[in-house]
Amino acid sequence: MECDKIIKVTGLTKRFGNFTAVDHITFDVRKGEIFGFLGANGAGKTTAMKILCGLSLPTEGSGTVDGYDIRTQQELIKRNIGYMSQKFSLYPDLKVWENIRLFGGIYGLGFKEIKQRTAEMLQSLGMEDLRNEPVGSLPLGWKQKLAFSIAMVHKPPLVFLDEPTGGVDPETRRMFWEMIYRAVGEGTTVFVTTHYMDEAEYCDRVSIMVDGVIADLDAPDALKDKYGVPDMDSVFRTVAARRPAGKEAAGA
Ligand code: ATP
């Protein structure tokens, strides 16, 4: 059924000069799922994700995100989804509450709503005492949790997380995933890239990108069965070791 797909793309392609970073990928994401977007460094994940977030236009291909066209409705996509980038988008010199106010405004919330969301967020993060701290002075794990909450400040139906737990300790990663599950419990769809294969196990479905192509896509258990291996780390290594057809000669 069409209506249960929050992302739907066909033949999505992005070239930079002669180099094809994303090579005719076709897939969909179902409403309410945690969709893991895996791939080695340089596989093309961020490039594809930027197109889905309305930040970049595809060279070829078509698709919709939350019902909006990725070619012609980029502004509507940006306003209606949440995006937590790999490099922090938060302003380190601004205080915690100032960052929330700024992004609330960017996402189109009114003054009263921003005030209310700020109080709610600080309370649920346990950060009330830190509201006047500059974001730059917070430990990395706190910054990441705050960045996630800010990406959700306008309660979007879909949030994109680009390596949200990179560089943090396992305990903080666990807490971060609790936040993800809470968001999913409230009806949000989560599209997440990660290098941590234990996190891939937490996803409902994962796609594995190799050299700009989706080499496989399924539920973690189905992939483990298919390749006859016990964990996602082994699945990833098996799939990533295979070069997509046509890419061998290029050495891409
Ligand atoms: P990582 O996990 O390191 O973020 P990734 O899978 O997200 O990797 P991308 O950042 O999408 O990979 O990059 C895919 C390829 O496209 C890389 O070889 C990269 O150098 C190239 N690339 C990305 N952006 C540009 C650009 N603006 N101009 C030229 N090449 C680019």
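Residues numbered from 1 in each chain as written. Predicted model: local features only at pLDDT ≥ 70, side-chain atom pairs only at ≥ 80, totals over all residues. Heavy atoms only, no water.

Asker: Would you mind going over helix α6 (residues 170-185) in detail, with residue names and values included?
Answerer: Between its terminal C-alpha atoms α6 stretches 22 Å, which fits the 22 Å expected from 16 residues at 1.5 Å a residue. Every buried residue of α6 is accounted for by T172, R173, F176, W177, M179, I180, A183 and V184. All buried residues of α6 project into a common sector of 150° when viewed along the axis, lining one side. With a side-chain oxygen lying 3.2 Å from the backbone nitrogen of E171, the N-terminal cap of α6 falls on D169. A positive backbone phi angle near 105° is found at G187, which sits one or two residues after α6. (Helix = DSSP H or I, 4+ residues; strand = E, 2+ residues; numbered from the N terminus. Expected span 1.5 Å × (residues − 1). Buried < 20%, exposed > 50% of the residue type's maximum accessible area, 1.4 Å probe, protein only. Arc of directions from axis to C-beta. Polar contact = N/O pair within 3.5 Å; in protein donor to acceptor, adjacent residues only side chain to side chain.)

Asker: Talk me through the site of the ligand; I want residue IDs and the actual numbers.
Answerer: Around the ligand, 14 residues are found, and the nearest of them are G42, G44, K45, T46 and T47. One of the backbone nitrogen or oxygen atoms of G44 is found 2.9 Å away from an oxygen atom of the ligand. Take H195: an N or O atom from its side chain is 3.5 Å from an oxygen atom of the ligand. Here the ligand, which alone exposes 630 Å², has 60% of that area covered by the protein. At the level of secondary structure, the elements contributing two or more residues to the shell around the ligand comprise β2 (19-30) and α1 (45-52). If one sorts the elements of the shell around the ligand by residue count, α1 sits on top with three residues. Classifying every residue of the shell around the ligand by side-chain character gives five nonpolar, seven polar and two charged. (Near = heavy atom within 4 Å. Areas by Shrake-Rupley, 256 points an atom, 1.4 Å probe, with all protein chains shown as cover. Nonpolar A, V, L, I, M, F, W, Y, C, P; charged D, E, K, R; others polar.)

Asker: Give a detailed account of the sheet that holds strand β4 (residues 60-65), specifying residues and quantitative values.
Answerer: A sheet is described by the order of its strands in space; here four strands give the open sequence β2-β1-β4-β5, paired in antiparallel fashion. Two strands close off the open sheet at either side, each with one partner strand: β2 and β5 (68-69). In the sheet, β4 pairs with β5 via two bridges, with the strands oriented antiparallel. Residue V65 lies in a different strand from β5, and its bridge partner there is Y68. Its contacts with the sheet put α1 on β1 (5-16), β2 and β4, and the angle it makes with β1 is roughly 125°. (Pairing = 2+ DSSP bridges. Contact = heavy atoms within 4.5 Å. Axes fitted to C-alpha atoms, helices over the stretch in contact; angles between N-to-C directions.)

Asker: Before we move on, could you go through the pattern of salt bridges and cite the residues and values that matter?
Answerer: In the structure shown here, the tally under the stated rule is 14 salt bridges. E199 serves as the salt-bridge partner of R173, at 3.1 Å between the closest nitrogen and oxygen. Of this pair, R173 sits in helix α6 while E199 is found in helix α7 (residues 197-200), placing the two residues 26 residues apart along the sequence. Like R173, the residue E199 is buried in the burial classification. (Salt bridge = Lys/Arg side-chain N within 4 Å of Asp/Glu carboxyl O.)

Asker: Before we move on, can you summarise the packing of aromatic side chains with the specific residues and values?
Answerer: All chains considered together, the criterion is met by ten aromatic pairs. When the ring of F37 is compared with that of F191, the centres are 4.9 Å apart and the planes differ by 45°; the resulting orientation is tilted. With F37 in strand β3 (residues 34-39) and F191 in strand β8 (residues 189-193), the pair connects residues that are 154 residues apart, well separated along the chain. On the basis of relative accessibility, which here comes to 0%, the residue F191 falls in the buried class. Each residue in the set F27, F35, F37, F160 and F191 is aromatic and connected to the rest through ring pairs, giving one cluster. Taking the ring centre of W142 as reference, the NZ or CZ of K145 above it sits at 4.2 Å. Here the guanidinium or amino end of R173 rests over the ring plane of Y196, the centre of that ring lying 3.7 Å away. (Phe/Tyr/Trp six-rings, centres within 6.5 Å; stacked < 30°, edge-to-face > 60°. Lys NZ or Arg CZ within 6 Å of the ring centre and 35° of its normal.)

Asker: Explain the nonpolar core to me, and be specific about the residues and the numbers.
Answerer: L146, F148, L161 and I180 are the most contacted members of the largest nonpolar core, which totals 46 residues. At six residues, α6 tops the list of elements feeding residues into this core. In this structure, F148 is in contact with M84, V159, L161, F176, M179, I180 and A183, ignoring residues within four places of it in sequence. Formed by 26 residues, the second largest nonpolar core is a distinct cluster that contains V9, I51, I70 and L158. (Core = buried A, V, L, I, M, F, W, Y, C linked by side-chain atoms within 4.5 Å.)

Asker: Any chance you could break down the pairing of strand β9 (residues 205-210) for me, citing the residues and the numbers?
Answerer: Of all six residues in β9, six are buried, a share of seventy percent or more. The side-chain alternation of β9 yields two buried faces, one formed by R205, S207 and M209 and the other by V206, I208 and V210. Summarising the sheet, β3 and β9 pair through five bridges and their orientation is parallel. Paired with L38 across the strands is I208, a residue of β9. As paired elements, β9 and strand β10 (residues 213-218) share five bridges and run antiparallel to each other. Note that in β10 the partner of S207 across the bridge is L217. With antiparallel pairing between neighbouring strands as the criterion, β9 and β10 make up a hairpin whose turn holds two residues, including D211 at a positive phi of roughly 50°.

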